Amino acid sequence: MEEKGKKLGLWNIVGLGLGGAIGTGIFVLLGYGIAYTGRSISLVVAIGCFFMLLAYWYNLAMPAMFVMKGGDYSMKAMLFNPFMSGVSAWMVLVNGLAFSSYSVALAQYLAIAVPALQNYQSVVAFVVTTLFFLTTIKGSRFLTILENIVTLVLVAALALFVAFGIGKVDFASTFTSADGGFFHGGFPGFVSALAVMGWACQGTTMAPVSMAAVTKNPKRTIPLGIIVITCLLAVVYGAMGIVAGGVLPYAETAGQNISVTAQAIFPNALYIFFVVGGGIGAIASSLLGGLGMMRYPLIQIANDGWLPPVFKKADKNGYPYVVYLLFYVISIFPIITGRSLDAIVSQVMIPTMLINIYMNLACLTLPKKYPEQWAQRSIKMPLWFYNVCCVLGAFCAGVVAYNLFKDLTFNDAVFAVVIVVVMCVLSILRLKQGAVKAEDLAAKKEEIVRQAIADTAADEETA
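Residues numbered from 1 in each chain as written. Predicted model: local features only at pLDDT ≥ 70, side-chain atom pairs only at ≥ 80, totals over all residues. Heavy atoms only, no water.

A few points about the overall build of the protein
Logical step 1: Tallying secondary structure elements over the protein gives 24 helices and zero strands in all.
Logical step 2: Taken over the C-alpha trace, the protein has a radius of gyration of 22 Å; the compact-globule value for 463 residues is 23 Å, and the two agree within 12%.
Logical step 3: Dimensions along the principal axes, computed over C-alpha positions, put the protein at roughly 60 × 50 × 45 Å.
Logical step 4: For the protein, the residues scored as buried account for 53% of the 463 residues in total.
Logical step 5: In the protein, 83% of the contacts between residues at least 6 apart in sequence involve partners at least 24 apart. (Helix = DSSP H or I, 4+ residues; strand = E, 2+ residues; numbered from the N terminus. Rg over C-alpha atoms; globule rule 2.2 N^0.38 Å. Buried < 20%, exposed > 50% of the residue type's maximum accessible area, 1.4 Å probe, protein only. Contact = heavy atoms within 4.5 Å.)

Here it is in structure tokens:
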């Protein structure tokens, strides 16, 4: 059913996408990036925004050809074979590990605001995860308003961080300091930092592609919005990187979240505002919003048969309590086992990037399969250039996956491999068992393609 009401324009998409892109990652991962590359972290995050745009190339290429009202779900269904559909379904559950990273980060910031919690961060992270999962039972009508308020506070906190910090940066030692200067760690360190910061830089495409159904002229607006968001985010993150890497000595910032630098540049009242309004607010917003967004994908993978029938159970209000319970168990696993924040991020990002490699290469087939839609694409480029971008996008995703993997400890690397292998095995197993039928997936794929083509034609008639 078509949503009624005023359609979103370019700057609506830019505002929404920028708010979604600036999130938890920049608050908790800058210190890990600094550890690898020193003061060139500013260059890492600025380049990283465009690097991750390429890693998610399909999110830019496909909306320029089709009106994809189902967003990421429709795009993947359109390009996946049955095996990859299963891998993607299991990836929904693996994303539960990422929610533990939000809780761990939130516990770190709470310990800053309440020092008595310093030695109980694992307990706090466990309690935070539990409480936020409990909010999913009933949901909240004011969630969107809350998200908008938090975004405004977040942007204000980041602006203050740059404004107060830029004058205190020791620019004189940027290139001369042997301890944490520009390109500390050399080119390998720079690339490792780029991979780690991929988590913070990857959000430029996600919110826009989910808004096709309520966007004016989505074939033009969404790709253009993604490009504008990426450029703005590169400027914001680059400025933050200059401050985070240049105010304090390397030894004090490497591996730490940016509250360490914030404490050095802010008066106490503004520091508390930054920690609570910026750090805690951003993380809580990401955690709450993310849990709400997971409801449909969790129900979908259960209904499609990737999970046993018991996971379809819901209460009288339709709350899918069994599959949410499974998601909760996955989310608390890294907390209970004491995994580090960067390891958690890597173990989610690695399979995500492997899926992106497949998606970006699969985009090579689109111009030939859908010549009419290719001819009417909103972003005009020669076919050879498009093909280069598809391959380059796969390469960028591969670089992120490889560098995250090589920097893991042996145990964490084994766990990352186990995650990918289990996803593949479960996909094959459920297909062989007949729990998920390849012909049903093919029929669903055909329907999504038909709907995308029909929506594209309808949008062009009204444009």
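Moving on from the model shown.
Considering the side chain of asparagine 360
Logical step 1: Here asparagine 360 lies in helix α19 (residues 341-362).
Logical step 2: Each residue touching asparagine 360, except ones within four places of it in the same chain, is listed here: Leu54, Ala55, Tyr56, Trp57, Tyr58, Cys390, Gly393 and Ala394.

Some details on the nonpolar core
Logical step 1: If you look at the biggest cluster of nonpolar residues, it comprises 148 residues, and the most contacted ones within it are Phe27, Met62, Phe161, Met197 and Tyr237.
Logical step 2: With 11 residues, the single largest contributor to this core is α19.
Logical step 3: Beyond its immediate chain neighbours, meaning those up to four positions away, phenylalanine 161 contacts Met240, Val243, Ala244, Ile258, Thr261, Ala262, Ile265, Phe266 and Phe274. (Core = buried A, V, L, I, M, F, W, Y, C linked by side-chain atoms within 4.5 Å.)

Concerning unusual backbone geometry
Logical step 1: Phi at asparagine 217 is positive, roughly 45°, even though this residue is not glycine.
Logical step 2: Residue asparagine 217 is classed as partly exposed on the basis of its relative accessible area, which comes to 32%.

Structural notes on the packing of aromatic side chains
Logical step 1: Under the criterion given, the structure shown has 16 aromatic pairs.
Logical step 2: An angle of 35° between the planes, with centres 6.3 Å apart, marks the rings of tyrosine 56 and tyrosine 58 as tilted. One exposure class covers both tyrosine 56 and tyrosine 58, and it is buried.
Logical step 3: With centroids separated by 5.4 Å and ring planes inclined at 20°, the aromatic side chains of phenylalanine 161 and phenylalanine 274 adopt a geometry described as stacked. Remark: phenylalanine 274 occurs in helix α16 (residues 268-293) and phenylalanine 161 occurs in helix α9 (residues 143-165); sequence separation between them is 113 residues.
Logical step 4: On the accessibility criterion, phenylalanine 161 (0% relative accessible area) is buried.
Logical step 5: Of note, arginine 339 hangs over the ring of phenylalanine 415, and the distance from its end group to the ring centre comes to 4.0 Å.
Logical step 6: Between the NZ or CZ atom of arginine 377 and the centre of the ring of tryptophan 374, over which it lies, the distance is 3.8 Å. (Phe/Tyr/Trp six-rings, centres within 6.5 Å; stacked < 30°, edge-to-face > 60°. Lys NZ or Arg CZ within 6 Å of the ring centre and 35° of its normal.)

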